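Secondary and tertiary structure notes
Below, each chain spelled out in residue letters.
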Number of protein chains: 2
Amino acid sequence: MAARRTPSTRATINDVAARAGVSRGTVSRVLNSEVYVSEAARTAVEAAIHEVGYVRNAAARNLVTRRSQAVGLIVHEPHSLFLEDPNIGSILLGINSALSEADYQLVSLVIDSDRDIARVAEYLTGGFVDGVVIISARAGDPIGHVIAESGIPAAFVGHPIDIEGIPYVGIDNRSAARAITERLMATGRRRIGMIAAGLDRDSGQDRLAGFTEALGDRFDAELVVEVPLYSYGSGVDGMRVLLETRPDLDGVFAASDALAAGALDVLREAGRSVPADVGLVGFDDSAWAVRTQPPLSTVHQPAGALGRRAAELVLAQLRGEDVGLGGTFLDTAIVWRASA
Amino acid sequence: MAARRTPSTRATINDVAARAGVSRGTVSRVLNSEVYVSEAARTAVEAAIHEVGYVRNAAARNLVTRRSQAVGLIVHEPHSLFLEDPNIGSILLGINSALSEADYQLVSLVIDSDRDIARVAEYLTGGFVDGVVIISARAGDPIGHVIAESGIPAAFVGHPIDIEGIPYVGIDNRSAARAITERLMATGRRRIGMIAAGLDRDSGQDRLAGFTEALGDRFDAELVVEVPLYSYGSGVDGMRVLLETRPDLDGVFAASDALAAGALDVLREAGRSVPADVGLVGFDDSAWAVRTQPPLSTVHQPAGALGRRAAELVLAQLRGEDVGLGGTFLDTAIVWRASA
DNA sequence: GCGACTTCTGTGAACGCTCCCAGTTCGGGC
DNA sequence: GCCCGAACTGGGAGCGTTCACAGAAGTCGC
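Residues numbered from 1 in each chain as written. Chains lettered and ligands numbered in written order. Predicted model: local features only at pLDDT ≥ 70, side-chain atom pairs only at ≥ 80, totals over all residues. Heavy atoms only, no water.

What to know about the protein's contact with DNA strand D
As a reminder, the rule being used: In these notes, residues near a molecule or strand are those with any non-hydrogen atom within 4 Å of it. Pairs of N or O atoms are called polar contacts if they sit within 3.5 Å, as long as, within protein, a hydrogen donor faces a hydrogen acceptor (for residues adjacent in sequence, only side-chain-to-side-chain pairs). What counts as a helix is a DSSP run of H or I of at least four residues, what counts as a strand is a run of E of at least two, and both are numbered from the N terminus.
The local shell around DNA strand D holds 30 residues, among which A:Ile13, A:Ser28, A:Tyr54, B:Arg24 and B:Ser38 are the closest. Backbone atoms, meaning sugar plus phosphate, form 71% of the atoms of DNA strand D positioned within 4 Å of the protein. A:Ser28 places a side-chain nitrogen or oxygen 2.7 Å from a phosphate oxygen of DNA strand D. The side chain of B:Arg24 places a nitrogen or oxygen atom 2.3 Å from a base oxygen of DNA strand D. Contributing elements (two or more residues each) for the surface near DNA strand D: α2 (24-31) and α4 (58-65) of chain A together with α2 (24-31) and α4 (58-65) of chain B. In terms of residue count, the dominant contributor to the surface near DNA strand D is α4(A) (five residues).

Topic: the sheet that holds strand β9 (residues 279-281) of chain B
All names here are of chain B. Which entries qualify depends on this criterion: For two strands to be treated as a pair, DSSP must find at least two bridges joining them. Angles here are taken between N-to-C directions and fall from 0 to 180 degrees, while the axes themselves are lines fitted to C-alpha atoms, restricted in helices to the stretch in contact.
Sheet architecture is open: four strands sit in the order β7-β6-β8-β9, paired in parallel fashion. Strands with a single pairing partner mark the edges of an open sheet, and in this sheet they are β7 (224-226) and β9. Ignoring strand direction, the axes of neighbouring strands in this sheet form an average angle of 15°. Where strand β6 (residues 192-196) lies against strand β8 (residues 251-254), four bridges are found, and the strand directions are parallel.

A look at the protein's contact with DNA strand C
Which entries qualify depends on this criterion: Note on residue classes: Ala, Val, Leu, Ile, Met, Phe, Trp, Tyr, Cys and Pro are nonpolar, Asp, Glu, Lys and Arg are charged, and everything else, Gly too, is polar.
By nearness alone, 30 residues border DNA strand C, and A:Ser23, A:Arg24, A:Ser38, B:Ile13 and B:Ser28 come closest of all. Ranked by the residues each element gives to the surface near DNA strand C, the list is headed by α4(B), at five residues. For the surface near DNA strand C, the per-class residue count stands at eleven nonpolar, ten polar and nine charged.

Focus on the interface of chain A and chain B
The cut-off we apply is this: Residue contacts follow a heavy-atom distance rule, with two residues in contact if any of their heavy atoms lie within 4.5 Å. Buried area adds together the accessible area that both of two parts lose upon being put together, with accessible area traced by a 1.4 Å probe. One side-chain nitrogen of Lys or Arg within 4 Å of one carboxyl oxygen of Asp or Glu is enough to make a salt bridge.
Taken together, the contact between chain A and chain B spans 49 residues of the former and 49 residues of the latter. Both sides of the chain A and chain B interface together cover about 4400 Å² of buried area, and 54% of this is carbon and sulfur. Where chain A touches chain B, the interface holds six salt bridges. With its nearest N and O atoms 3.7 Å apart, the salt bridge here joins B:Asp103 to A:Arg119. Between chain A and chain B we count 18 residue pairs in polar contact (both at pLDDT 80 or more) in total. Elements with a contribution of two residues or more to the side of chain A that touches chain B: α4, α5 (79-84), α6 (86-101), β2 (105-111), α7 (114-125) and α12 (257-269) of chain A. When the residues that make up the side of chain A that touches chain B are grouped by side-chain class, the tally is 20 nonpolar, 15 polar and 14 charged.

Notes on the sheet that holds strand β7 (residues 224-226) of chain A
Residues and elements named next belong to chain A. Within the open sheet, the four strands sit side by side as β7-β6-β8-β9. Their pairing is parallel. Pairing within the sheet leaves two strands with one partner each, and these edge strands are β7 and β9 (279-281). Adjacent strand axes in the sheet meet at a mean angle of 15°, parallel and antiparallel pairs treated alike. Across the sheet, helix α9 (residues 173-186) lies against β6 (192-196), β8 (251-254) and β9, angled at about 165° from β8, the strand it touches most.

Some remarks on the relation of the copies chain A and chain B
Using the following cut-off: A least-squares superposition brings the copies together, and it is based on the C-alpha atoms of residues with pLDDT no lower than 70 in both.
Overlaying chain A on chain B yields an RMSD of 0.1 Å, the required transformation being a rotation through 180° with an accompanying axial translation of 0.0 Å. This pairing of chains is accounted for by a two-fold axis. A high fraction, 100%, of the interface residues of chain A reappear at the interface in chain B, so the copies pair face to face through one surface.

Observations concerning the pattern of salt bridges
The line we're drawing: Note on classification: 1.4 Å probe, protein chains only; a residue is buried when its accessible area is under 20% of the maximum for its type, exposed when over 50%, partly exposed between these limits.
Here the structure, examined in full by the defined rule, presents 36 salt bridges over all chains. Residue A:Glu122 pairs with B:Arg56 through a salt bridge whose shortest N-O separation is 3.8 Å. You can see A:Glu122 sitting in helix α7 and its partner B:Arg56 sitting in the loop between α3 (39-52) and α4, one on each of two chains. With a closest N to O distance of 3.2 Å, B:Glu222 and B:Arg246 form a salt bridge. Of the two residues, B:Glu222 sits in the loop between α10 (202-215) and β7 while B:Arg246 sits in the loop between α11 (232-245) and β8, which places them 24 residues apart along the sequence. The partly exposed category is assigned to B:Glu222, whose relative accessible area is 46%. Salt bridges sharing common partners tie together A:Arg191, A:Asp220, A:Glu222, A:Arg246, A:Asp248 and A:Asp250.

What about the environment of A:Ser113?
All names here are of chain A. Of note, Ser113 is situated in the loop between β2 and α7. Judged by relative accessible area, which is 30%, Ser113 ranks as partly exposed. Distance in space between the C-alpha atoms of Ser113 and Arg67 is 28 Å, their sequence separation being 46 residues.

Here we look at the pairing of strand β11 (residues 327-330) of chain A
Residues and elements named next belong to chain A. Where burial is concerned, the two faces of β11 differ: the one with Thr328 and Leu330 is buried and the one with Gly327 and Phe329 is not. With four bridges joining them, strand β5 (residues 168-171) and β11 adopt parallel strand pairing. Across the sheet, the residue bridging to Gly170 is Phe329, located in β11.

And the structure:
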């Protein structure tokens, strides 16, 4: 019985069995709370587990069950955006609570460099997780393709442009953008500009399309400026450009609250009063929106619900249900504050 | 050879071996890039891997190697704080980059409800991770104790009050608070208040202690207000209380930038000009600091470096090195902006 | 008193890897 | 021609579980 390799100090199911005077099988039955275990055996096993300090070896279990009871969340954001995007936290908590209720463990994997991509792909396909939720994937994202090919149950939050075969949840960006632009027009604004971002994703394109639609004949391409990120800094840059090309504008739709916050500071610097001279609206209803002066009118995005729904899509697939491949769109609401 | 159970569609190392016309052992050697593999065998195996679409089963590997090449990050924050704390993102990226370089996978586990605690504990002790970094643990945190007892290599970011035996990295909150308070005094302020938070952790207590120390004889307990969270909302509440009890104050040290941002809005509402009437300083040098009007003078916290250092402490333990049990303190710097 | 259940238990056989030992082959050096 | 070490390969054993099956013991109705 002498151990030939490392003595392996950890207690195994056999140690528990020996201590409790029963067999492996019975211990396993107790561990998995199956029926057909006598009360005496159960208590003896439970005591033994406590005495030898046993904890189940996950690797051995996963090997035979082919499941890990874990679901991955892939966050693939450039540095700055990840730090700023206020929705990610809410989405994450929504996912976590849905998984938690189903007794699945959420494990978040961040991709921050090219090195990370291969490692994460291996982690996912290697069986560490049973399913995966991907947020903010973008066109050409290699991880998305790895997942699509591997056939692991998955769901996107937000629709990636070029990956088919995976369900997703999102909001109807186009309608929301159209609605808030219309409301802005209804306040009497006539020369409305837009700071657009994220045009490499559906979400960004749809916000722009909704804006265009709302303006109809009045649309003027000169009043749209495209910036690279949904960030405060991009908002500053975008607003400067807009003010320079069209100093006569009287309304601005920023594609995110962070952009709007940046735009607001530029307007203030330029001596334009908001909302008296220029009406300004954002998108997201993030923490930003209530902290600017004046607070922002914006589109409320149900971030927590988005996460929860995506997690539920993965769980349903794990139960073997057919969830279809289309998108699920959750409702947005316009929040009218003082900035427009 | 007929499979008796589920057909198990996935290719195994045996399939690869058969295809390449070599043995399991040789395939394994190629997989782990060991020496003593002939060029012919290597190319044959690589081709076979590609042909059968083989990916290594992590569970089987972990079972025999007793390692997972993964390190956990435990985030245990109440809802609101988690969403607001701007440092968490930077810490996370710091940890990730250090682990990534050492070819370890970071998996983040969030604890958001009591249900989560037991599951996360099982996940950690079950062998899913080789080590763990804990951020923002607080007194009595059960996860901290589970980790301490299990003996799994770990490191804290920020010092927990009641857990010994685990190394940690942090900043010298007391010195930093003293320094910024002194700078505030040097601008001629005489009645300086403080909005204190997080007094259930060392960090919060130390910031208060540093403030008290700097004031010396001039310290006046009436000028300190304690709030529950490091949040914008708490800053609003705290500042209202301070203004009511001591309308004559001319300086405020807020224990975080978020608190300071809340305080700033209250001061503005009350018609006090910052910095003319009241000098205001924060703590963290977060995204908040540069976006208030005026931008905040504050203490720069090296969040990314904190994360990186904590990860390195775990990696060192994984290599079998002795890292000691004390704390590592990284330097802070005062950033002087317009608010004081 | 016997068969048919129900309840409970033990054990062999995987799961898919890595590790290690025992070969086998090959090329020099004497 | 022989020996020896280096280079390479195959395969048995084992990691710690779960699963399926066989069987033991107890209960019940007739």
